[in-house]
Amino acid sequence: MTAQPDHHAPIPAPPMTTVRELRLALRTYGTSTEVDEFEEKLADTDLDDLTQARRLIQTYRHRVLLRLDPEGAAALARTDEDVADELRRKLDTKANGR
């Protein structure tokens, strides 16, 4: 018997240790809006403010990583209404359970 592949395993993350690699990952796994938004924010970032630059890079790296994780991708695909319904159900269950 051979082992079956795990279809829920995350896709291995691409290298994102440079701005060039992050750009490529965003173009591959992000949306065109995210790519444009990243470029705009990067152009406005004060590179002498390392905290600001690090925060920007971490934000967009995290977006790529979320898309590569099946649970993260599913969470991103949920509608606002779906999330609101789930929260209402949980609050109702908690209120009725007391």
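Here the structure is a predicted model, which is why all the values come from computation and not from measurement.

To continue, consider the side chain of threonine 45. Take threonine 45: it is sitting in the loop between helix 2 (32–44) and helix 3 (50–68). Residue classification places threonine 45 among the buried positions, given a relative accessible area of 10%. In terms of polar contacts, threonine 45 uses its side chain to reach the backbone carbonyl oxygen of lysine 41, at 2.6 Å. Once residues within four sequence positions are removed from consideration, threonine 45 is found in contact with Gln52, Ala53 and Leu56.

Inspection of the secondary structure puts glutamate 34 in helix 2. Other than its neighbours up to four places away in sequence, glutamate 34 contacts Tyr60, Arg63 and Arg67.

We now examine the nonpolar core. Of all hydrophobic cores here, the largest spans 11 residues; its members are Met16, Leu22, Ala25, Leu26, Val35, Phe38, Leu42, Leu56, Tyr60, Val64 and Leu68. Every element with two or more residues in this core is listed here: helix 1 (19–29), helix 2 and helix 3. By residue number, the principal contributor to this core is helix 3, which donates four residues. Look past the residues within four positions of tyrosine 60 in its chain and what remains in contact with it is Leu22, Leu26, Glu34, Glu37, Phe38 and Lys41.

Parameters at a glance
- Residues numbered from 1 in each chain as written.
- Predicted model: local features only at pLDDT ≥ 70, side-chain atom pairs only at ≥ 80, totals over all residues.
- Heavy atoms only, no water.
- Helix = DSSP H or I, 4+ residues; strand = E, 2+ residues; numbered from the N terminus.
- Buried < 20%, exposed > 50% of the residue type's maximum accessible area, 1.4 Å probe, protein only.
- Polar contact = N/O pair within 3.5 Å; in protein donor to acceptor, adjacent residues only side chain to side chain.
- Contact = heavy atoms within 4.5 Å.
- Core = buried A, V, L, I, M, F, W, Y, C linked by side-chain atoms within 4.5 Å.

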